[in-house]
Amino acid sequence: MSETSRTHYRKPGWFTQHIANNLVMRLTRAGVSIWGSRILEVRGRTSGQPRQVPVNVLTHDDRQYLVSARGEGQWVRNLRAADGQLDLLLGRRREHRSAHEVADVAKTPILRAYLRRWKAEVGVFFDGVSADSSDDEIARIAHKHPVFVLDPVS
């Protein structure tokens, strides 16, 4: 199997899963956004029940994006199965959105902007690639990090 055809995912550690994510979720539910944090709510692909996870919403070139630093995790799989239909929550505000996956060849500027904004938080998941890396270096790891552009639901 080639490197590009393998599913890439880095499972969060205990601290992230049980402490950090819970703290960010509580603050975001209270209406406090930490560096663009939102709660992503998407229908579970198996259960059909709403699933929630904290995410960072990137604004780049007047568009908003979700980037999966860890790879093809559960929220990515659920979002694909839900045909990109999702809600973003901040406090009591709920935004219905539609997400469309970005092709690997178009991810480089988005990943560069994401790393520029959140490298301290997520840099470890990008195999030594940073916002200052060459386009070729970023393109080399782009397939490991699903990216979705967000549009309002009509």
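Check the entry above for the structure.
First things first, this report covers the structure right here in the doc.

What to know about the nonpolar core
Residues Leu111, Tyr114 and Phe126 are the most contacted members of the largest nonpolar core, which totals 21 residues. Among the elements of the structure, strand E3 (63–67), helix H3 (108–122), helix H4 (135–141) and strand E6 (147–152) are those that each provide at least two residues to this core. Here this core takes seven residues from H3, the largest share from any one element. By size, the runner-up hydrophobic cluster in this structure holds 14 residues, among which are Leu40, Trp75, Leu79 and Leu88.

Examining the pairing of E3
On any regular strand, side chains alternate: one points to one face of the sheet, the next to the other face. One ladder, built from four bridges, connects strand E2 (residues 50–60) with E3; its direction is antiparallel. When the sheet's bridge partners are listed, leucine 58 is paired in E3 with tyrosine 65. Counting the residues in the hairpin turn of E2 and E3 gives two residues, including aspartate 61, whose phi is positive at 50°. Taken together, the four bridges between E3 and E6 define a ladder with antiparallel strand orientation. The partner of leucine 66 across the bridge, within E6, is phenylalanine 148.

Considerations on the environment of tyrosine 114
Summarising the element assignment, tyrosine 114 is placed in helix H3. For the pair tyrosine 114 and alanine 131, spaced 17 residues apart in sequence, the C-alpha separation works out to 7.9 Å. Non-local contacts of tyrosine 114, meaning those with residues more than four positions away in its chain, are made with Asn56, Leu58, Val67, Ala69, Lys119, Val122 and Phe126.

The rules we used
- Residues numbered from 1 in each chain as written.
- Predicted model: local features only at pLDDT ≥ 70, side-chain atom pairs only at ≥ 80, totals over all residues.
- Heavy atoms only, no water.
- Core = buried A, V, L, I, M, F, W, Y, C linked by side-chain atoms within 4.5 Å.
- Buried < 20%, exposed > 50% of the residue type's maximum accessible area, 1.4 Å probe, protein only.
- Helix = DSSP H or I, 4+ residues; strand = E, 2+ residues; numbered from the N terminus.
- Pairing = 2+ DSSP bridges.
- Contact = heavy atoms within 4.5 Å.

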